[in-house]
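Now for the letters of each chain:
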Amino acid sequence: MPPVLISGFTFVRNAVKLDFPVVASIRSLLPVCDEVVVAVGKGEDETLDLVRSVGDPRVRIIETEWDLSRGRSVLADQTDLALRACRHPWGIYIQADEVLADGSAEQLREAIQAVDGDPRVEGLLVRYRHFYGGFDRVATHRRMYQREVRAVRTDPALGIHSFRDAQGFRVGPADRKIRARLTDGVIFHYGWARAPGALPTKQEEHSVIFQWDEKTRREREGRELLPWLPGLAPFEGPHPVSIRAWIAERATAAADGVAPFQWRWRWLRYWASMLVERATDWRPFEFRNYERV
């Protein structure tokens, strides 16, 4: 069976201002992709030059404008622009603050090859490690999704599209959950691995994109540390090769980005669900964009 050609796709805007590791994200795709489509939104910094600095002929940039009046839907819009520009039957999706673990791109390629002939499978799932407040700590409670679809069939006739704030994908006008198969691939998510002082910039951007109300703005204004959460755990494994230099430049500053413990009654339900998950390997009340097949 001939190998299946694979596209990579992503979107980004203000990567310099928001300190996204987009170069590492793209490079983590390149080992298995015949092209990587990057939708670069017009912004306030040198993001376009940063993406060009990857210096690989397989990287294909499309320049876009963000309609911020769309709120969080603009993230799905931009994902879909990149998806529709893919030239090959499968696309591996990554966000600008995500990096595939070493070997995971190859695992996704093998999985794509294995399921390509099975029309029941519309997408492939990867597991997640969510770094939180630094590079030696991960968040594991149920608000941090443990799996998500990061490879999809690209044929527009199938109706696969990005959903809501671009966390995952759905199918058709009724937003049916995508049928997906679990792989051994892992994505490291660095969106909350922030140095103290960097969080207000990200929150300013989020206040526009997610259209925060005045109460939310007041609660989060000036916050320089992430709130403490149940389920924080040390991370002891290696980071992907493609992001190690980026981390080395930030590791000291980002080592203590979480606020001290503060009691909240709502933590009880998170602790309870974590106990259930440890005992049964089932996560209660987990939100899923997908149906496993």
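Our structure's up above, just so we're on the same page.
All chains use their own residue numbering, which begins from 1 and follows the written sequence. Restriction of local features to residues with pLDDT of at least 70 applies here, the model being predicted, together with a cutoff of 80 or more for giving and counting side-chain atom pairs; totals for whole chains, interfaces and linings are based on all residues. Side-chain metrics rest on all non-hydrogen atoms present in the structure, leaving aside hydrogens and water.

A word on the side chain of N289
Numbering of helices and strands starts at the N terminus; helices are DSSP runs of H or I of at least 4 residues and strands are runs of E of at least 2. Position of N289 relative to the elements: it lies in the loop between α9 (267-280) and β13 (290-292). Pairs of N or O atoms are called polar contacts if they sit within 3.5 Å, as long as, within protein, a hydrogen donor faces a hydrogen acceptor (for residues adjacent in sequence, only side-chain-to-side-chain pairs). Within polar-contact distance, the side chain of N289 engages the side chain of R170 at 3.2 Å. Excluding its chain neighbours within four sequence positions, the residues that come into contact with N289 are E148, F163, Q167, G168, F169, R170, K177 and I178. A contact between two residues is defined here by any heavy atoms of the two lying within 4.5 Å.

Some remarks on the nonpolar core
Ranked by internal contacts, the top residues of the largest apolar core, which has 36 residues, are V12, I26, V38, I92, I112 and L124. Mapped onto this core, the elements with two or more residues apiece are β1 (6-12), α1 (15-18), α2 (22-29), β2 (35-41), β4 (90-93), α5 (104-115) and β6 (123-132). At 5 residues, the largest contribution of residues to this core is made by α5. What makes a nonpolar core is a set of buried Ala, Val, Leu, Ile, Met, Phe, Trp, Tyr and Cys residues whose side-chain atoms join them at distances within 4.5 Å. Only protein chains enter the area calculation, which uses a 1.4 Å probe; residues under 20% of their type maximum are buried, those over 50% are exposed, and those in between are partly exposed.

Describing the pairing of β4
By the alternation rule, side chains of β4 split into W90 and I92 and G91 and Y93, which are all buried. Taken together, the 3 bridges between β4 and strand β8 (residues 147-153) define a ladder with antiparallel strand orientation. Each residue of the ladder has a partner; that of I92, found in β8, is A151. For two strands to be treated as a pair, DSSP must find no fewer than two bridges joining them.

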